[in-house]
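Listed below are the residues making up each chain.
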Amino acid sequence: MAVVKANGYGHGAVPVARAAIRGGATWLAVATLEEARELTGLVHAERILVMGGLIPAQAPAAVAGGFSIGVSSFDLARALGDGDEVVPVHLKIDTGMGRFGAVPDEAASLARLIDESPGLRLAGTWTHFASAGTDEVMTRVQFDRFLETLAGLGVDPGLRHACNSAAALRYPEMALDAVRAGIALIGCEWPGTSPAMALRSVVTHVKTVAAGDTVGYGAIWAAPVRSRVATVAIGYADGVFRARANRGHVLVRGQQAPLIGAVSMDAITIDVTVVPGVEVGDVVTVIGSDGDARITAEDVAGWSGTISYEVLTAIGPRVKRRYSE
Ligand SMILES: Cc1ncc(COP(=O)(O)O)c(C=O)c1O
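Computed from a predicted model, the values in this text were never measured in an experiment.

Thresholds applied
- Residues numbered from 1 in each chain as written.
- Predicted model: local features only at pLDDT ≥ 70, side-chain atom pairs only at ≥ 80, totals over all residues.
- Buried ≥ 20, exposed ≤ 12 C-beta atoms within 10 Å, placed from the backbone.
- Helix = DSSP H or I, 4+ residues; strand = E, 2+ residues; numbered from the N terminus.
- Arc of directions from axis to C-beta.
- Contact = placed C-beta atoms within 7 Å.
- Near = placed C-beta within 6 Å.
- Nonpolar A, V, L, I, M, F, W, Y, C, P; charged D, E, K, R; others polar.
- Domains from an automatic or database assignment.
- Core = buried A, V, L, I, M, F, W, Y, C linked by C-beta atoms within 7 Å.

Residues that lie three or four places apart on an α-helix share one face, since the helix turns once every 3.6 residues. Among all positions of helix H9 (residues 297-304), only Ala297, Val300 and Ser304 are buried. Looking straight down H9, one finds that the buried residues subtend no more than 60° of arc, so they occupy a single side. Next to the buried residues of H9 lie strand E15 (283-290), strand E16 (293-295) and helix H10 (308-313). Where H9 ends, the next residue or the one after it, glycine 305, has phi of about 70°, a positive value.

Below is the structure:
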């Protein structure tokens, strides 16, 4: 099950979904109905799982799409089952994530309600791990809780799925009938894969500044010596977090150039004093490879105080996505 929510983690939902299907995915998963509609036609509608927390008022729209719907509550189940269509639902069980999902004690009665509703079909049962990448004990407790709850369900659970990428990588024995992989599909957080995305911009201005001159908002960088400073056409509106002020580097002409000063809405400034020949129009790599040098989304996340997921999903709409096979 390819998780392609949030515009395919910033890469474009449809291209990521198509690539995942070519690679063997037979289901797609998203957070919202709008995201599900964007995928219409790529797989049978029933094989698009809307995982997010829908509210009962959205039931008619959910039913109209023909998608599989994640259900955590009696209220949503009743609202979905109200019409003439038979809606495939995936009952979510909260085994410790504490976000969505019916608590295990309620799961059997919710499963029964779904099973007995003419307008609903229990097509799947699922849970989500809180710390699959970092906490084996908790993950095993959650998995055991999930299996116990399934054993007491009293009805056919349908397609059983629990693992995200981190769990699929570490605990293949927990794969059950499907895994829901998102970040791994795009070459992040999975050893041996290479990132699908490169994020690049261009130098739009180059200047020499004297020792002591400052650069950017708040004047938080001052040239320690006479320096060459290049301005690059990418800013926080495009997903370069303001936390990057004076942190980390980009690549230009195959070399590292430190990010200096504050991040502006539309621009960053970089120190190219030791990179010879930098000129307007030079390509700047924010994520990706340039010669032998490489920057990953995980590197950028480290400099930004966040995770690769946020780095990728924060890439703004004015950054043009271009695809190659
Ligand atoms: C419920 C659920 N399942 C699966 C995933 C996919 O996670 P990952 O991208 O870590 O594979 C997510 C992503 O946040 C999710 O919310």
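Another aspect to go through is the site of the ligand. The ligand sits among Val3, Met51, His128, Asn164, Ser165, Ala166, Arg180, Ala181, Gly182, Ile183 and Ala184. Each residue belonging to the shell around the ligand can be placed in one class, and the counts come to six nonpolar, four polar and one charged.

What follows covers unusual backbone geometry. Unusually for a residue other than glycine, alanine 219 sits at a positive phi of about 50°. Turning to its location among the elements, alanine 219 is positioned in the loop between strand E9 (214-215) and strand E10 (221-222). Despite not being glycine, asparagine 246 shows a phi value in the positive range, around 55°. The topology assignment puts asparagine 246 in the loop between strand E11 (227-232) and strand E12 (249-252). On the basis of neighbour count, asparagine 246 is assigned to the partly exposed category, with 15 C-beta atoms found within 10 Å.

Right, let's talk about the domain arrangement of the protein for a bit. We note that the domain assignment places domain 1 (2-186) and domain 2 (199-313) within the protein. Computed from C-alpha atoms alone, the centre-to-centre distance between domain 1 and domain 2 is 40 Å. Counting residues at the interface gives four residues for domain 1 and four residues for domain 2. In terms of residue class, the side of domain 1 that touches domain 2 is built from three nonpolar, one polar and no charged.

Ranked by size, the top nonpolar core spans 92 residues in total, and within it Ala2, Leu28, Leu80, Val89 and Leu91 carry the most contacts. The element contributing the most residues to this core is helix H2 (residues 13-22), with five residues. The residues that make up this core include at least three from each of domain 1 (2-186) and domain 2 (199-313). Look past the residues within four positions of valine 89 in its chain and what remains in contact with it is Ser68, Ile69, Val71, Ala77, Leu80, Ile114, Leu120, Arg121, Leu122 and Ala123.

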